[in-house]
Amino acid sequence: VTRILVLSGPNLDQLGTRDPALYGTETLGDLIARLEKLAATRQTTISHTSSNFEGELIEAIHAARQSADALIINAGALTHTSWALRDALELFDGPKVEVHLSNPAGREPFRHVSTLAAVVDGSIAGFKGASYDLALEAVLRLLAERA
Ligand code: DQA
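As the structure is a prediction and not an experimental result, all values here were calculated from the model.

Close to the ligand lie Arg18, Tyr23, Asn74, Gly76, Ala77, His80, His100, Leu101, Ser102 and Arg111. Asparagine 74 has a polar side-chain atom sitting 2.8 Å from an oxygen atom of the ligand. Between the ligand and histidine 80, the relevant distance is 2.7 Å, taken from an oxygen atom to a side-chain nitrogen or oxygen of the residue. In the complex, 99% of the free accessible area of the ligand, which totals 320 Å², lies under the protein chains. Among the cavities detected, the one that contains the ligand is the largest cavity.

What follows concerns the packing of helix H2 (residues 28-40) against helix H5 (residues 130-146). H5 packs onto H2 with a crossing angle of 30° between their chain directions and a minimal axis gap of 10 Å. Relative to H5, H2 is oriented roughly parallel. The hand of the H2/H5 crossing is right-handed. Taking contact as the criterion, the partners of Leu31, Arg34, Leu35, Leu38 and Ala39 in H2 are, on H5, Ala130, Tyr132, Asp133 and Leu136. Its residues placed into classes, the contact of H2 with H5 shows seven nonpolar, no polar and two charged.

Let's shift gears to empty space enclosed by the protein. Scanning the model with the defined rule gives one cavity of 30 Å³ or more in all. Estimated volume of the largest cavity: approximately 140 Å³. As for the largest cavity, its lining consists of 14 residues, of which Tyr23, Asn74, Gly76, His100 and Arg107 are closest to the centre. For the lining of the largest cavity, the residue count by class is six nonpolar, five polar and three charged.

Rules used throughout
- Residues numbered from 1 in each chain as written.
- Predicted model: local features only at pLDDT ≥ 70, side-chain atom pairs only at ≥ 80, totals over all residues.
- Heavy atoms only, no water.
- Near = heavy atom within 4 Å.
- Polar contact = N/O pair within 3.5 Å; in protein donor to acceptor, adjacent residues only side chain to side chain.
- Areas by Shrake-Rupley, 256 points an atom, 1.4 Å probe, with all protein chains shown as cover.
- 1 Å grid on protein atoms, 1.4 Å probe; cavity = no way out; pocket = protein on both sides within 12 Å on 5 of 7 lines; lining within 4 Å.
- Sits in = over half its atoms within 2 Å of the grid points.
- Axes fitted to C-alpha atoms, helices over the stretch in contact; angles between N-to-C directions.
- Helix = DSSP H or I, 4+ residues; strand = E, 2+ residues; numbered from the N terminus.
- Parallel < 35°, antiparallel > 145°, perpendicular 65-115°, else oblique.
- Left-handed = near helix turned anticlockwise from the far one by under 90°.
- Contact = heavy atoms within 4.5 Å.
- Nonpolar A, V, L, I, M, F, W, Y, C, P; charged D, E, K, R; others polar.
- Points joined across faces, edges and corners; volume = space filled by probe spheres on them.

Shape is all these values report; function is a separate question.
Next up, the structure:
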């Protein structure tokens, strides 16, 4: 069984009511439940850590070095600011995919830069909740390539 850790950064716990035109109407709980079902069809389990605190996300990445085969991360606005999260991700050897519900490249200039981009395998953005389905597919393909 493949184990994937999904990480949700600041303000993603407000999904459902947070700017639905950009982020969709699904709550984070709905989204993760849907992803778990999809993963189950691929012999894959999802664990999920959601936090508004940078350090908690960093510690979840450290723990994932022992407990997860791959990471899917939506770091929220920490994507644009956090060198510490970038350094933590660099320590994780398995496949890593950055995911965004919206398309940051088409939004305000401060969202155009990702501190994480250079240490992940790739990123998927702009498809609302479906970005996560595509990210799951991406990490499974990366794992298959490495096997
Ligand atoms: C986001 C994009 C970020 O710029 C923003 O700060 C978020 C959500 C997304 O999923 O589209 O919190 O990561």
